[in-house]
Each structure stands twice: as C-alpha cells, then as structure tokens.
Amino acid sequence: MRKIELQDWRAVHSWASLDQVCRFQAWGPNTEEQTRAFVAEAAEAWSHTPQQRFAYAARVEGEIVGMGELHLRSREHRQGEITYIVHPRLWGHGVGTAIGRELLTRGFEKFDLHRIFATCDPRNLGSGRVLTKLGMTWEGRHRHTALIRDGWRDSELFSILETEWRSDHAQGGFANGANH
C-alpha cells in the first residue's frame, strides 16, 4: 500500500461508481466529480497537522484495486478506526484481509494505538468475515446509524486491542492469516 494520490481517482472511480460496491454505504454510486473530490480530500489529508486520516491505495501487481484508511479517532485514548474497500472483481481473494492487516499493523506499530475498531453493515457478510479473519472481536450492533438508499442501516462493531494483536502477531496467528 502507498499514500493515495490525486491521479488515483480513475482507479478509485472504477469501483466507487458501481452499485454493488456502494450497496451498504451512505455514499455512491459516485459521479466522476464526486470521486475526484473524495480522492483530492483523502490525498490532502496527508498534509494536515496533526494528521488524523491516513488514506492508502492498495495495489496488486502494480494496479490499484482497493483502498484502506486508518483514522486516528483519539490520540489521547489511543483509539483508531480502519476502513477498506476492494474492487468487486477481487472480492474473495484475500485483498480486503491484506489491506486490513496492513492497517492494523500501522495502527499498532507506528501509532502505538491501544484499540482499533471497524464497522460494517450486518448484511455485508464478506466484510464481517474479513474483520473476523483479522482477529477482531464482534462487540455488538449499533442500530440505525446511517440512512442509505434502502432505508436505515445498522452497523456491526468489531475491535481488536493491542494486547490481542501483539500476542497473536508474535505467535504468527490470525494477524498473519494462519488461523482462518
């Protein structure tokens, strides 16, 4: 993964414009202008001080096929959030898990976070599987967190603590994909 750059907008648009990618999101399908604005904002976030948002382009064989973001939600309480998205032609091939693993590694090792969380729509079974493969614990469901095209969306909440990550990472477990 590398920092997202403005010129990545076309690759991002290749999935951000698709109905099936946006199905469980409050955004999209995007117009070209919306995608360009999103990528410009994500790239510009790298220049903020203090930086809270770290957006990355995920590549497979040099081609951008997804994105991952680490959001520092509280430096004082050492809390972060991860998000990821993958082009649907690569769904089920481990790309989302690889993005999530890299984001967790950066959050715990670079930013010394204590807890990292992620959310997903309960109907998004693939994303729930990715979060479980990452060793994240299901904490519960938040009801009606976003109004999307087909009505109110609930959000499943998952998290992992630094002690869980470090313990399993040292043992070569789920953080390296060995347990699931």
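Residues numbered from 1 in each chain as written. Predicted model: local features only at pLDDT ≥ 70, side-chain atom pairs only at ≥ 80, totals over all residues. Heavy atoms only, no water.

### A word on the overall build of the protein chain
So, point 1. Along the backbone of the protein chain there are six helices and seven strands.
So, point 2. Secondary structure elements of the protein chain, listed N to C terminal, follow the sequence β-α-α-α-β-β-β-α-β-α-β-β-α.
So, point 3. Taking 180 residues into account, the globule formula puts the C-alpha radius of gyration at 16 Å, and the protein chain, at 16 Å, falls close to it.
So, point 4. With the C-alpha coordinates of the protein chain rotated into their principal frame, the extents come out at 45 × 35 × 35 Å.
So, point 5. Classification of the 180 residues of the protein chain by burial places 47% in the buried group.
So, point 6. Counted over contacts in the protein chain with a minimum sequence separation of 6, partners at least 24 positions apart contribute 57%.
So, point 7. On the protein chain, roughly 9,500 Å² of surface is accessible, and the fraction owed to carbon and sulfur atoms is 50%.
So, point 8. In the protein chain, the 23 positive side-chain charges and the 23 negative ones have mean positions that sit 1 Å from each other. (Helix = DSSP H or I, 4+ residues; strand = E, 2+ residues; numbered from the N terminus. Rg over C-alpha atoms; globule rule 2.2 N^0.38 Å. Buried < 20%, exposed > 50% of the residue type's maximum accessible area, 1.4 Å probe, protein only. Contact = heavy atoms within 4.5 Å. Areas by Shrake-Rupley, 256 points an atom, 1.4 Å probe, with all protein chains shown as cover. Lys, Arg positive; Asp, Glu negative; His and termini not counted. Charge placed at Lys NZ, Arg CZ, Asp CG, Glu CD.)

### Notes on the confidence of the model for the protein chain
So, point 1. Taken over all residues, the pLDDT of the protein chain has a mean of 92, while the share at 70 or more is 94%.
So, point 2. Across residues 175-180 the pLDDT falls below 50, and counting only partners more than four positions away or on other chains, this stretch makes 15 contacts in the model. (pLDDT = per-residue confidence, 0-100.)

### Examining the pattern of salt bridges
So, point 1. Taken as a whole, this structure holds 18 salt bridges when the rule is applied.
So, point 2. With a closest N to O distance of 2.6 Å, Arg73 and Glu81 form a salt bridge.
So, point 3. Of the charged contacts, one joins Asp150 and Arg123 as a salt bridge, the two residues approaching to 2.7 Å between their closest N and O atoms. Taken together, the residues Asp150 in the loop between β6 (137-148) and β7 (151-161) and Arg123 in the loop between β5 (115-120) and α5 (125-133) connect sequence positions 27 residues apart. (Salt bridge = Lys/Arg side-chain N within 4 Å of Asp/Glu carboxyl O.)

### Things to note about the packing of aromatic side chains
So, point 1. Per the stated rule, a full pass over the model turns up four aromatic pairs.
So, point 2. Ring centres of Phe54 and Phe111 lie 4.7 Å apart, and the angle between their planes is 45°; this geometry places the pair in the tilted category. With Phe54 in strand β2 (residues 53-60) and Phe111 in the loop between α4 (95-110) and β5, this pair connects stretches of sequence that are 57 residues apart.
So, point 3. Phe54 gets classed as buried once you look at its relative accessible area, which sits at 4%.
So, point 4. Cluster of aromatic residues (ring-pair linked, three or more members): Trp46, Phe54, Tyr56 and Phe111.
So, point 5. Note that Arg36 overlies the ring of Trp9, its terminal NZ or CZ placed 4.6 Å from the centroid.
So, point 6. Against the face of Tyr56 rests Arg106, its NZ or CZ located 4.2 Å from the ring centre. (Phe/Tyr/Trp six-rings, centres within 6.5 Å; stacked < 30°, edge-to-face > 60°. Lys NZ or Arg CZ within 6 Å of the ring centre and 35° of its normal.)

### Here's the deal with helix α1 (residues 9-16)
So, point 1. Among the residues of α1, those classed as buried are Trp9, Val12, His13, Trp15 and Ala16. Viewed end-on, α1 has its buried residues packed into an arc of 165°, placing them on one side of the element.
So, point 2. Where the residues of α1 are buried, they touch α2 (19-22), α3 (32-44), β3 (63-74) and β4 (79-86). (Arc of directions from axis to C-beta.)

### Some words on the sheet that holds β6
So, point 1. Overall, mixed pairing links the seven strands, which are arranged β1-β2-β3-β4-β5-β7-β6 in an open sheet. Each edge of the open sheet is held by one strand with a lone partner, namely β1 (2-3) and β6.
So, point 2. As paired strands, β6 and β7 are joined by eight bridges and run antiparallel to one another. The partner of Gly140 across the bridge, within β7, is Leu157.
So, point 3. Along the sheet, α4 makes contact with β2, β3, β4, β5 and β7, crossing β4 at roughly 160°.
So, point 4. Packing of α5 onto the sheet brings it into contact with β4, β5 and β7, and relative to β5 it is tilted by some 165°. (Pairing = 2+ DSSP bridges. Axes fitted to C-alpha atoms, helices over the stretch in contact; angles between N-to-C directions.)

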